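Descriptive analysis of the structure
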Amino acid sequence: MKSRIAFLFTFIAVVCVDRPLLAQTIPKDELIFLTSEWKGERFPDGRPKISDALVERAKHIGIDDAWTVLKNEGYTNQFEGNWKLIQNDVSVTGRAVTAMFMPSRPDVEKTIKERGITKQGRKGNTNTWPIEILTKGDVYVADAFGKIGGGTLMGATLGNAIFSKTGNGVVFNGAARDLQELQNIKGFNAFVRDFHPSFLEEMVLMGLNAPIRIGNVMVLPGDLVIAQREGVLFVPAHLAEQVVGTAEFVTRKDQFGFETVKSGRYTTGQIDSQWTDEIKTDFLKWLGQHPELGTMTKPELDKVMSKRTW
């Protein structure tokens, strides 16, 4: 036992010397390990960097279709509902930057703030630290353990700061304040457990760009966040291309099906089962007449149809 304890302290000492500790962030190699299925570009800290083009495409898919793709891949714990929103008609889509807050404890909060301010150049309370690292297209996702009174991670000032950095909104398992002022930020939205007039108190940042829990979901930095009126879906980065592409096809398929069933060319049974070559040919011809829905090749169509379970 003594040797194991000695090894643990030695390990911590090495990590502290060899790896700069940046406001509760996990080591870069640990983040890469946890997101090892992702093979694409990464941010300098190791966070998966889903392309801007894919994020833009994700803004136009349905959350129900995306959820179905994840479920069929075995990812059954990716959706969380029961939110309050600033705007019911403004969706939030982007790459997750995660933050984990815990109930404050004087000794821990003191040491964290001292290190952050004196050694890392941090300023203000720890709830502002995640905002400092946000970039365009990010979605600030925070676990504030569901705290409402005294759990307001954001008011009008921080809301404006977040939107100016990301052009995006937030998802907080906690609360926000200044609802009237936040409503004036055009294009901004927040998915929170509630709104409350109190100020933040008795909370401290314990994890930044680390795995967090939002309700029944494990959220990793870099996950694709799709937040719509129904709720919030967290898509693992390595599945984002598949989810978006399949959901796009389902939208096209549905529109094609509506038109062809209504005209009597095909039955619902034909549309909602594996397609014949004739239907595939008609679909690709129809898609060419609707450039607003994007393009698709015959091999791409064959591939998505071969995995059809929706």
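Residues numbered from 1 in each chain as written. Predicted model: local features only at pLDDT ≥ 70, side-chain atom pairs only at ≥ 80, totals over all residues. Heavy atoms only, no water.

**Here we look at the side chain of Asp143**
Note the threshold: For the purposes of this entry, the term helix denotes a DSSP run of H or I that reaches at least four residues, the term strand denotes a run of E that reaches at least two, and both are numbered from the N terminus. When accessible area is computed with a 1.4 Å probe and restricted to protein chains, residues below 20% of their type maximum are described as buried, those above 50% as exposed, and intermediate ones as partly exposed. Working convention for charge: Lys and Arg count positive, Asp and Glu count negative, and His plus the chain ends are omitted. In the sections that follow, a salt bridge refers to a side-chain nitrogen of Lys or Arg positioned within 4 Å of a carboxyl oxygen of Asp or Glu. Residues adjacent in sequence count toward polar contacts only when both atoms are side-chain atoms; beyond that, a polar contact is any pair of N or O atoms within 3.5 Å, and within protein one must be able to donate a hydrogen and the other to accept it. Throughout, a contact is declared for two residues whenever any of their heavy atoms are within 4.5 Å.
The residue Asp143 is located in strand β4 (residues 138-143) in this model. The charged side chain of Asp143 is buried without a salt bridge, its nearest counter-charge being Arg213 at 6.5 Å. Looking at Asp143, its side chain comes within polar contact range of the main-chain nitrogen of Phe145, at 2.9 Å. Not counting chain neighbours up to four residues away, the residues in contact with Asp143 comprise Ala99, Met100, Phe101, Asn173, Ile212, Arg213 and Ile214.

**Overview of the packing of helix α11 (residues 277-288) against helix α12 (residues 298-306)**
Filter applied, for reference: Axis definition: a line fitted to C-alpha atoms, limited for helices to the stretch in contact. Angles are taken between N-to-C directions and run from 0 to 180 degrees. Any angle from 65 to 115 degrees is called roughly perpendicular, while one under 35 is roughly parallel, one over 145 is roughly antiparallel, and all others are oblique. Crossing chirality is assigned from the near helix's rotation relative to the far helix, an anticlockwise turn below a right angle marking it left-handed and a clockwise turn marking it right-handed.
Between α11 and α12, the shortest axis-to-axis distance is 11 Å and the interhelical angle comes to 125°. Relative to α12, the element α11 lies oblique. The crossing of α11 and α12 is right-handed. Facing α11, whose interface residues are Asp277, Lys280, Phe283 and Leu284, α12 presents Lys298, Leu301, Asp302 and Met305.

**Quick look at the environment of Gln87**
Mapped onto the secondary structure, Gln87 falls in the loop between β2 (84-85) and β3 (92-103). A relative accessible area of 22% means that Gln87 is categorised as partly exposed. Residues Gln87 and Thr135, 48 residues apart in the sequence, show an inter-C-alpha distance of 22 Å. Engagement of the side chain of Gln87 in a polar contact is seen with the backbone oxygen of Gln183, the distance being 3.3 Å.

**A look at the confidence of the model for the chain**
Note the cut-off: Per residue, pLDDT measures the predictor's confidence, with a range of 0 to 100.
Counting all residues, the mean pLDDT for the chain is 91, and 92% of those residues have values of 70 or more. Note that residues 1-21 has pLDDT below 50 and, in this model, six contacts with residues that lie over four places away or in other chains.

**Here's the deal with the pattern of salt bridges**
The final tally for this structure, using the stated rule, is 19 salt bridges. Note that Arg105 is salt-bridged to Asp107, the shortest N-O span being 2.7 Å. A salt bridge links Asp254 to Lys253; the shortest N-O distance between them is 2.8 Å. Taking relative accessible area as the criterion, Lys253 reaches 7% and is therefore assigned buried. Each of the salt bridges in this network shares a partner with another, and the network as a whole consists of Arg57, Glu241 and Glu248.

**Description of unusual backbone geometry**
Phi is positive for Asn82, close to 65°, though the residue is something other than glycine. You can call Asn82 exposed: its relative accessible area is 73%. Despite not being glycine, Asn209 shows a phi value in the positive range, around 55°. Residue position: Asn209 is located in the loop between β7 (203-208) and β8 (212-214).

**Here we look at α12**
Put simply, the rule reads: This arc is built from the directions going out from the helix axis to the C-beta atoms.
Taken together, the buried positions of α12 are occupied by Leu301, Val304 and Met305. Looking down the long axis of α12, one finds its buried residues gathered within 100° of arc, a one-sided arrangement. Of the exposed residues in α12, those oriented more than 90 degrees away from the buried face are Pro299, Lys303 and Ser306. For α12, the elements touching its buried residues are α9 (240-263) and α11.

**Regarding the packing of aromatic side chains**
Our working definition: A pair of Phe, Tyr and Trp rings is counted when the ring centres sit within 6.5 Å of each other, with Trp represented by its six-membered ring. The angle between the planes then sorts it: under 30 degrees is stacked, over 60 is edge-to-face, the rest tilted. Note on criteria: charge over ring means Lys NZ or Arg CZ within 6 Å of the ring centre, with the direction from the centre no more than 35 degrees off the ring normal.
All told, the structure shown has 10 aromatic pairs when counted by the stated rule. Look at Trp275 and Phe283: their rings are 5.3 Å apart centre to centre, the planes differ by 55°, and that puts the pair in the tilted class. On the basis of relative accessible area, Trp275 is assigned to the buried category, the value being 6%. What links up through ring pairs into an aromatic cluster is the set Phe249, Phe256, Tyr266, Trp275, Phe283 and Trp286. Taking NZ or CZ as reference, Arg177 lies 3.9 Å from the ring centre of Phe199, over its face. The ring centre of Trp83 lies 3.9 Å from the NZ or CZ of Arg193, which sits over that ring.

**Some points on the environment of Lys49**
Tracing the sequence through the fold places Lys49 in the loop between α2 (28-34) and α3 (52-58). Take Lys49: its relative accessible area is 29%, and that puts it in the partly exposed class. If we ignore the near neighbours within four places in the chain, the residues touching Lys49 are Trp38, Glu41, Arg42, Phe43 and Arg95.

**Remarks on the pairing of β7**
Selection rule: By the convention used here, strands pair only if DSSP detects at least 2 bridges between them.
Most of β7 is tucked away, with five of its six residues classed as buried. The sheet contact formed by β3 and β7 spans five bridges and is antiparallel. The residue bridging Met100 from the neighbouring strand is Gly207, located in β7.

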